[in-house]
Amino acid sequence: MTQNQYVLRMADLRRACSVLLDETERRFGLEVDLSRVSTDYYWTLDLATAFDMSETPAAPLGCGQVSDDVAEIAALVRRDPEDVIPLWHDLDHLAGVLRLLAHLDLPR
């Protein structure tokens, strides 16, 4: 692995998100009707524990909620541009929504 492979470029991430969201829109349309999703809840592991590979997690799994994630994303896009953006919080909700989209695309 080269040194450049250990760098996360925001331009690459932005492009990857664009490509994946374009394909998601092509497959699922402009909106995903959450009332047609089989469940609202999913398992989570808190961020600090998830990235601590020094030991096996002893903490129990948490529970995330798709409807809460979607509500938080909706609130994010309505925020005043001057508001502080808590990345750890908002990215975690975005990750929940992205995982839902990945779940909906699983082979059945």
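Before reading further, recall that the structure is shown in the block above.
Residues numbered from 1 in each chain as written. Predicted model: local features only at pLDDT ≥ 70, side-chain atom pairs only at ≥ 80, totals over all residues. Heavy atoms only, no water.

Asks: Help me out: how do you make sense of helix α4 (residues 87-104) in this one?
Replies: Each α-helix turn comprises 3.6 residues. Residues three or four places apart therefore point the same way. Counted at 1.5 Å a residue, the expected span for α4 with its 18 residues is 26 Å, and the 25 Å between its end C-alpha atoms agrees. Where α4 is concerned, the buried positions are D90, H93, G96, V97, L100 and L101. End-on view of α4: buried residues confined to an arc of 135°, all on one side of the axis. Along α4, the residues that are exposed and aim more than 90 degrees away from the buried face are L87, W88 and R99. The secondary structure elements touched by the buried residues of α4 are α1 (10-28), β1 (41-44) and α3 (66-78). (Helix = DSSP H or I, 4+ residues; strand = E, 2+ residues; numbered from the N terminus. Expected span 1.5 Å × (residues − 1). Buried < 20%, exposed > 50% of the residue type's maximum accessible area, 1.4 Å probe, protein only. Arc of directions from axis to C-beta. Contact = heavy atoms within 4.5 Å.)

Asks: Which parts of the structure should I look at to understand the layout of surface pockets?
Replies: Over the atoms a probe the size of a water molecule is rolled, and this reveals where empty space is left. In this structure, the largest pocket occupies an estimated 690 Å³ of space. Taken together, 22 residues form the lining of the largest pocket, with C17, L21, L94, A95 and L98 sitting closest to its centre. For the lining of the largest pocket, the elements supplying multiple residues, two or more each, are α1, α3 and α4. Of all the elements, α1 adds the most residues to the lining of the largest pocket, at nine residues. Considered class by class, the residues forming the lining of the largest pocket number 17 nonpolar, one polar and four charged. By volume, the second largest pocket amounts to about 480 Å³. Along the walls of the second largest pocket sit 22 residues, with Y42, T44, L45, L47 and D92 positioned nearest its centre. (1 Å grid on protein atoms, 1.4 Å probe; cavity = no way out; pocket = protein on both sides within 12 Å on 5 of 7 lines; lining within 4 Å. Points joined across faces, edges and corners; volume = space filled by probe spheres on them. Nonpolar A, V, L, I, M, F, W, Y, C, P; charged D, E, K, R; others polar.)

Asks: Looking at this model, I keep getting lost on the side chain of D69. Mind explaining?
Replies: Tracing the backbone through its elements, the reader meets D69 in helix α3. Of the side chains bearing the opposite charge, R99 lies closest to the buried D69, which forms no salt bridge; the N-O distance is 8.7 Å. Residues within four places of D69 in sequence aside, it is in contact with Y42, H93, G96 and V97. (Lys, Arg positive; Asp, Glu negative; His and termini not counted. Salt bridge = Lys/Arg side-chain N within 4 Å of Asp/Glu carboxyl O.)

Asks: What am I meant to see in the pattern of salt bridges here?
Replies: Side-chain pairs of opposite charge can arise where the charged atoms are in close proximity. Tallying each qualifying case throughout the model produces four salt bridges. Here R26 and E23 are joined by a salt bridge, their closest N and O atoms 2.5 Å apart. With a gap of three residues between them, R26 and E23 both fall in helix α1, about one helical turn apart. Judged by its relative accessible area of 26%, E23 is partly exposed. A salt bridge links E23 to R27; the nearest nitrogen and oxygen atoms lie 2.8 Å apart. Taken together, the residues E23 and R27, both in helix α1 and four residues apart, mark about one turn of the helix. Members of the salt-bridge network, linked through shared partners, are E23, R26, R27 and D105.

Asks: Explanation requested: the environment of A74 in the structure shown.
Replies: Here A74 is to be found in helix α3. For A74, a relative accessible area of 27% gives the class partly exposed. In the structure, A74 is positioned 34 residues away from D40 in sequence and 17 Å away in space, judged by C-alpha atoms.

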